[in-house]
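Structural description and commentary
As a plain string of letters, each chain reads:
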Amino acid sequence: MTRGFGKKNWPKGSRKGLFFAAGKKAGEPNPARGTESSPAESASPVEGMKGDETNAPADKVKCPKCGKLVDKKRVAKRRYVCPECNGYFRVSTNARIRMTADRGSFEEWFADMEPVNPLGYEGYEEKLSETREKTGLREAFTVGSCRIFGEKAVIGICDARFLMASMGSVYGEKVTAAVERATEEGLPVFLFCASGGARMQEGILSLMQMAKTAAAIRKHGEAGLLYATILTDPTTGGVTASFAMLGDVIMAEPGALIGFAGPRVIRQTIGQELPEGFQSAEFLVEHGFVDGIVKRMNVRKTLYFLIKTHERRRNGSFAGFANAGERFVLSEILKEKSALQAPVSAWEKVKAVRRVQRPSALDYAGYVFDHFIESHGDRCFGDDPAIVGGIAFLDGQPVTVIADVKGSTMKECQMRNFGMPRPEGYRKALRLMKQAEKFRRPIISFVNTSGAFCGIEAEERGQGEAIARNLLEMAGLMVPVLCILIGEGGSGGALATAVGNEVWMLENATYSILSPEGFASILWKDSSRAKEASEIMNITAQDLLRLGVIEKILPEYGGASEQTAEAIAGNLKEEIKAFLRGFDGMSGEEIARRRYERFRKY
């Protein structure tokens, strides 16, 4: 589930709403074909849109997905998306620039670089000349600087019309040189990737471009700069296995074909039948390799969001709030409700935090943060919906948000595995936390899980290692980490995202070594004594504050519910901002040292 919150300080022309979308059930990959276009900046908005080559009217074009003839102008107005089936056409370099950059702001780099014939392959030079004349392009890759809502960035576009955007030595040189120049100038880089793979006519020299581009991207990352990719149809071969999949953020257009070996190669090589939707963008989101799907209508504002959340800030600044925001004021009704609330037993709290209707982290986040974008996947195996993670603004301060989410309906609970994370969930959380450290973003972790999932597949994929790795890496993070238990905190599964500089709890939340049922079963061989166990386990916020396990108890104003969620979040927002102000100006080493000392005392 992806949610876009708020609209504060957003550039004119953008809209509240989804930027990324999770991959839906994988469908057939989009077989979108390339469209011809003129390279001229003054090109028509319907540049290069071809109709059916046999008998289609001149003002029509055949959709590559549904096969229907549609109006060229209407397609162009919809950013080359079919009005009948929403299938994506491939777009030219200049169309991509117009849709991404501020008008007239694009300045091409390395325009004089043209492909050569380093191995003297027969007929290659003639093929290059023919392709240049047909497309108006010197090479398959065009790159330069531009502005996106006024913010300077580098964009590069792979154009499949030029030898299927296969990567040769000059293509790789342009990518590398552009990343190096961006590093020198301190600029973020966004590459629109498409490719049929390595350029066969250049042999082993084409292969070497994979390592060369990757090395340049590493240096760019070491400089603390953002590198992001947008995978378009098709992205395969050596481009997939190098710069396309190395982004701090990896996005994909709907239906794009993405993979290392293409479907035809797989079938011909091993004769294996491929499942429906195999290697589609949605397939890659589901399997954890892409942060999310981005629609063309949202690309420009998504890139702006990424620029603002990843820009280099003053060293030690973690409370760069752009505005004071509205101060939280508790209503008289909730004041009275809080005052009249009777004491609640530990067992009553256990039952309360297990209620499906209890507000989730996403419910609170809607009031606390602005413009939250969810990132999907661990980049290794899959995307675990039991843990939601992404980037948000807190009154102008970029933060990384991690949250256990159980679900609010039976269908959602099943989809999220009732909030019990698998190894890929913990690895996704850690990936996002390490990204936050790179870009010096504070981390806010909402904990609400009965524990880590203990199924066979979790053990096969290394559940224990994943939790242990999180504990190790979180201990040394050089940015502030705040962990808030909003419901259940069950065993090591909760601790895996709760190694913070401070740990807080809502007043009726629980945090324990094991569930009361498990505790009673192990110690008394009788799980029916769970109520009795809960009273002696010291699992309430009040117990844990007394033991020094947490720093703060947050009020629920009579109990967390739909009616109190906004008030709980309003108070929480002010408390989080005060927490971050306490770390402003502090070095990363000092932040990590304090966290180490916090846990060293136990």
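Cut-offs applied
- Residues numbered from 1 in each chain as written.
- Predicted model: local features only at pLDDT ≥ 70, side-chain atom pairs only at ≥ 80, totals over all residues.
- Heavy atoms only, no water.
- Buried < 20%, exposed > 50% of the residue type's maximum accessible area, 1.4 Å probe, protein only.
- Helix = DSSP H or I, 4+ residues; strand = E, 2+ residues; numbered from the N terminus.
- Pairing = 2+ DSSP bridges.
- Axes fitted to C-alpha atoms, helices over the stretch in contact; angles between N-to-C directions.
- Parallel < 35°, antiparallel > 145°, perpendicular 65-115°, else oblique.
- Contact = heavy atoms within 4.5 Å.
- Nonpolar A, V, L, I, M, F, W, Y, C, P; charged D, E, K, R; others polar.
- pLDDT = per-residue confidence, 0-100.
- 1 Å grid on protein atoms, 1.4 Å probe; cavity = no way out; pocket = protein on both sides within 12 Å on 5 of 7 lines; lining within 4 Å.
- Points joined across faces, edges and corners; volume = space filled by probe spheres on them.
- Left-handed = near helix turned anticlockwise from the far one by under 90°.
- Salt bridge = Lys/Arg side-chain N within 4 Å of Asp/Glu carboxyl O.
- Polar contact = N/O pair within 3.5 Å; in protein donor to acceptor, adjacent residues only side chain to side chain.
- Disulfide = S-S within 2.5 Å.
- Core = buried A, V, L, I, M, F, W, Y, C linked by side-chain atoms within 4.5 Å.
- Phe/Tyr/Trp six-rings, centres within 6.5 Å; stacked < 30°, edge-to-face > 60°.
- Lys NZ or Arg CZ within 6 Å of the ring centre and 35° of its normal.

Some thoughts on the pairing of strand β5 (residues 141-148)
Most of β5 sits inside the fold, with seven of its eight residues counted as buried. Bridge analysis of strand β4 (residues 107-109) against β5 gives three bridges, and the strand direction is antiparallel. When the sheet's bridge partners are listed, W109 is paired in β5 with V143. As defined by bridge partners, β5 adjoins strand β6 (residues 151-158) across eight bridges and the pair is classed as antiparallel. For G144, the partnering residue across the bridge sits in β6 and is I155.

Focus: the packing of helix α4 (residues 169-185) against helix α5 (residues 203-222)
At their nearest, the axes of α4 and α5 sit 9 Å apart, and the two run at 5 degrees to each other. One way to sum up the angle between α4 and α5 is to call them roughly parallel. Here S169, G172, E173, V175, T176, V179, E180, A182 and T183 of α4 come into contact with α5, specifically with Q209, K212, T213, A216, I217, K219 and H220. Considered class by class, the residues forming the contact of α4 with α5 number five nonpolar, seven polar and four charged.

What to know about the confidence of the model for the chain
Of all residues in the chain, 90% attain a pLDDT of 70 or more, and the chain-wide mean is 89. Per-residue pLDDT stays below 50 along residues 1-18; that stretch engages in 52 contacts with residues further than four places along the chain or on separate chains. In the predicted structure, residues 25-54 sits below a pLDDT of 50 and forms 90 contacts with residues beyond four places in sequence or in another chain.

A few points about empty space enclosed by the protein
This structure, assessed with the given rule, holds four cavities of 30 Å³ or more. In this structure, the second largest cavity occupies an estimated 90 Å³ of space. Lining the second largest cavity we find 13 residues, and of these E488, T510, S512, S515 and P516 sit closest to its centre. Elements represented by at least two residues in the lining of the second largest cavity include exactly β15 (481-490) and β17 (510-512). If one sorts the elements of the lining of the second largest cavity by residue count, β15 sits on top with three residues.

Overview of unusual backbone geometry
In this model, D233 is joined to P234 through a cis peptide bond whose omega is -10 degrees. Within the secondary structure, P234 sits in strand β8 (residues 227-235). Non-glycine residue R440 carries a positive phi angle of around 55 degrees. Following the sequence through the fold, R440 ends up in the loop between α14 (423-438) and β14 (443-449). With phi around 55 degrees, Y557 is a residue other than glycine that occupies positive phi space. Following the sequence through the fold, Y557 ends up in the loop between β18 (552-554) and α21 (565-581). On the basis of relative accessible area, Y557 is assigned to the buried category, the value being 6%.

A closer look at the packing of α14 against helix α16 (residues 463-475)
Packing of α14 against α16 brings their axes to within 8 Å, and their N-to-C directions diverge by 20 degrees. Here α16 runs roughly parallel to α14, going by the angle between their axes. Read as a crossing pair, α14 and α16 show a hand that is left-handed. Listed contacts from α16 to P423, Y426, R427, A429, L430, M433 and K434 of α14 are Q463, E465, A466, I467, R469, N470, E473 and M474. Grouping the amino acids of the contact of α14 with α16 by side-chain chemistry returns eight nonpolar, two polar and five charged.

Here we look at the pattern of salt bridges
Across all of its chains, the model carries 38 salt bridges by this definition. E173 serves as the salt-bridge partner of K212, at 2.9 Å between the closest nitrogen and oxygen. Remark: E173 occurs in helix α4 and K212 occurs in helix α5; sequence separation between them is 39 residues. On the basis of relative accessibility, which here comes to 27%, the residue K212 falls in the partly exposed class. Residue E173 is classed as partly exposed on the basis of its relative accessible area of 32%. With its nearest N and O atoms 2.8 Å apart, the salt bridge here joins E551 to R598. One end of the pair, E551, is in the loop between α20 (541-547) and β18; the other, R598, is in helix α22 (residues 588-600), with 47 residues separating them in the sequence.

Here's the deal with the environment of K351
Secondary-structure assignment places K351 in helix α11 (residues 346-353). With a relative accessible area of 42%, K351 lands in the partly exposed category. Taking the C-alpha atoms as reference points, K351 and K531, 180 residues apart in sequence, are found 9.9 Å from one another. Among the polar contacts made by the side chain of K351, one reaches the side chain of E348 at a distance of 3.2 Å.

Some remarks on the state of the cysteines
Tallying each qualifying case throughout the model produces zero disulfides. C85 forms no disulfide, and the closest cysteine sulfur to it belongs to C63, at a distance of 3.6 Å.

Some thoughts on the nonpolar core
Grouped together as the largest cluster of nonpolar side chains are 68 residues, with contacts concentrated most on F369, F446, I484 and I576. When residues of this core are assigned to their parent elements, the largest contribution, eight residues, is made by α21. I576 has contacts with V368, L394, I444, L482, I484 and W504, leaving out every residue within four places of it along the chain. One finds F141, V143, I217 and A244 within the second-largest nonpolar core, a separate group that totals 41 residues.

Digging into the packing of aromatic side chains
Evaluated as defined, the whole model comprises 12 aromatic pairs. Relative to F579, the ring of W504 has its centre 6.0 Å away and its plane inclined at 85 degrees; by these criteria the two rings are edge-to-face. Highlighted residues: W504 in strand β16 (residues 502-506) and F579 in helix α21, separated in sequence by 75 residues. When the centroid spacing of 4.8 Å and the interplanar angle of 55 degrees are considered together, the rings of F579 and F583 count as tilted. An identical accessibility class is assigned to F579 and F583; each is buried. Ring pairing ties together the aromatic residues F141, Y171 and F243, which thus form one cluster. A cation sits over an aromatic face here: R529 above W524, 4.1 Å from the ring centre.

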